[in-house]
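# Examining the three-dimensional arrangement
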Amino acid sequence: MVKKELRVHVDSEHYWTDSKIVLGYIANDTKQFRMYVPNRVQEIKNASSQEQWNYVATTDNPADIASRGANIDQLLQSTWFGGPLFLRQANLESYIDKHKIKGDHIENDPELETVKAMATSTIPKIQMSSRFENFSQWKDLTRSIAALSMLPKRADNKDKKVTLADLSKAETRVIKVLQTEHYADEISQIKCQKRVGKKSSIFKLNPLLDGSGILRVGGRIDRATTLEEVERRPAIIPKDTHIAKLLVQHFHEKIHHLGRQSTLAAIRSGGFWILNASNVVKNLISSCVICSRLRKQPEQQQMGQLPPERIEQTPPFTHVGMDVFGHFMVKDRRSELKRWGLLFTCLYSRAIHIELLEELTTDAFINALRCFVAIRGPVLTLFSDQGTNFVGAQNEFQRQIDVTVR
Ligand SMILES: [Zn+2]
């Protein structure tokens, strides 16, 4: 504002303050302050540059008189009118350099933003079901669990083998471990209140606990005595678990890589209710090597460009393709004879003309060709395979042309 009102050209500007802390704020580029300070400092920096700011001792600062107040005698003797003495020194620059203040007065400033760093550490809880992830086959998993549970029995009898009943017990154990990890709340709710809460993800399945403590789907087909117990009440398997994947893979392979619906049906009749099973099955089939090999569509080649005779607009039978087909057995009075068909096709209109061939000789072909040309008009080009009668006719025509020309 002063600069604007003065209307005098100013070569350089210097600002003086007796507050070392303010100089520190202005010189600071690294430290963070609470909201009030940076806003004011920014205002100062917008109107001036940091190099323009210098320190003046409180005793030399004329502005101090204004802020503190003085009577007339004091004011007349003060530096208020003339300014501090050092301003009149010849080598002002060296004075300024000597009194430069660095921004290191702000170390313990209460305006400094304090930075808090926190370190958190977690101790992973090892779940039993995570050990199941070491197995890639449902059969291997149940067999291993069965073998483990056999260890005490084997101490007495070393020849004891894993039986079907042991495998079924192992399956139950695996499912129980899985369910207690995923549905601990539901199981305790059923034990206390005979039903699960409405917020549970398996509320709609109306789950219940069977005699061995497995959560099963409570459906409406309890009286379907023709069905096995496990089919009527399949065990609930939580989604996105390794066991769910193993089961889907197991039943998919058991039914020899049939499609999605068949795999789902096999899982259900195997006594399992996998949540979101449809998606798991879909993902498995799309990544199954055998399935993609069996279901892959055969590759098809791209057809080449058509020859000009097929595309140019011409009268019918200008460009003709021909071939012989047959033979057919034909009766002539009492004898049976072989006859062939000679097929002409117009390359542009795809019209068809058929002539009869009595035998596969050059003469018979030339006769048929003359007959064709007599009816359909002159032909510009003829396309054929390398049949002996065609090649013979071509040689014959060439010989006739050569004779005529000579
Ligand atoms: Zn498959």
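What comes next is a walk through the structure. In this text, all values refer to a predicted model and were calculated from it rather than measured experimentally.

Turning our eyes to something else, we now look at the layout of surface pockets. Considered as a void within the structure, the largest pocket measures approximately 720 Å³ in volume. If you trace the largest pocket, you find 27 residues lining it, with W138, S168, E171, G270 and F272 closest to the centre. Secondary-structure elements contributing two or more residues to the lining of the largest pocket are α7 (138-156), α8 (164-182), α11 (242-254) and α12 (260-269). When residues of the lining of the largest pocket are assigned to their parent elements, the largest contribution, 6 residues, is made by α8. In the lining of the largest pocket, the residues fall into 11 nonpolar, 9 polar and 7 charged.

This part is about the coordination of the zinc ion. The zinc ion binds to the protein through H252 (NE2), H257 (ND1), C288 (SG) and C291 (SG); the donor distances cover 2.0 to 2.3 Å. Geometry at the zinc ion is tetrahedral, judged from its 4 donor atoms and the angles of 93 to 127° they form at the metal. Along the chain, the residues donating to the zinc ion are arranged with the sequence spacing H-x4-H-x30-C-x2-C. Of this pair, H257 sits in the loop between α11 and α12 while C288 sits in the loop between α13 (277-287) and α14 (289-295); the two residues are 31 residues apart in sequence, bridging distant segments of the chain.

All right, on to the packing of α7 against α11 then. Contact geometry for α7 and α11: axes closest at 8 Å, N-to-C directions at 115°. The orientation of α7 relative to α11 falls into the category roughly perpendicular. Contacts between α7 and α11 involve W138, K139 and L141 from the first element and I243, L246, L247 and H250 from the second. Looking at side-chain class alone, the contact of α7 with α11 contains 5 nonpolar, 1 polar and 1 charged residues.

Before going further, it helps to examine α13. Structural remark: α-helix, 3.6 residues per turn; residues separated by three or four positions point the same way. Those residues of α13 that fall on the buried side of the exposure criterion are A277, V280, V281, L284 and I285. Along α13, the residues classed as buried sweep out an arc of 125° about the axis, all on the same side. Opposite the buried face of α13, by more than 90 degrees, sit the exposed residues S286 and S287. Buried positions along α13 lie against α11, α12, β6 (272-274) and α14.

Further remarks concern the pairing of strand β9 (residues 352-357). Residues H353, E355 and L357 of β9 are buried on one face, while the alternating residues I352, I354 and L356, pointing to the opposite face, are not. Sheet topology places strand β8 (residues 335-346) next to β9; 6 bridges connect them, and they run antiparallel. Looking across to β9, one finds that F344 is bridged to H353. Counting the residues in the hairpin turn of β8 and β9 gives 5 residues, including R350, whose phi is positive at 60°.

Each value, and the rule that gives it
- Residues numbered from 1 in each chain as written.
- Predicted model: local features only at pLDDT ≥ 70, side-chain atom pairs only at ≥ 80, totals over all residues.
- Heavy atoms only, no water.
- 1 Å grid on protein atoms, 1.4 Å probe; cavity = no way out; pocket = protein on both sides within 12 Å on 5 of 7 lines; lining within 4 Å.
- Points joined across faces, edges and corners; volume = space filled by probe spheres on them.
- Helix = DSSP H or I, 4+ residues; strand = E, 2+ residues; numbered from the N terminus.
- Nonpolar A, V, L, I, M, F, W, Y, C, P; charged D, E, K, R; others polar.
- Donors = N, O, S within 2.8 Å, 3.2 Å for Na, K, Ca; no water.
- Tetrahedral: all angles 85-135°; square planar, octahedral: opposite > 155°, others 65-115°.
- Axes fitted to C-alpha atoms, helices over the stretch in contact; angles between N-to-C directions.
- Parallel < 35°, antiparallel > 145°, perpendicular 65-115°, else oblique.
- Contact = heavy atoms within 4.5 Å.
- Buried < 20%, exposed > 50% of the residue type's maximum accessible area, 1.4 Å probe, protein only.
- Arc of directions from axis to C-beta.
- Pairing = 2+ DSSP bridges.

No statement about biological role is implied by the geometric values presented.
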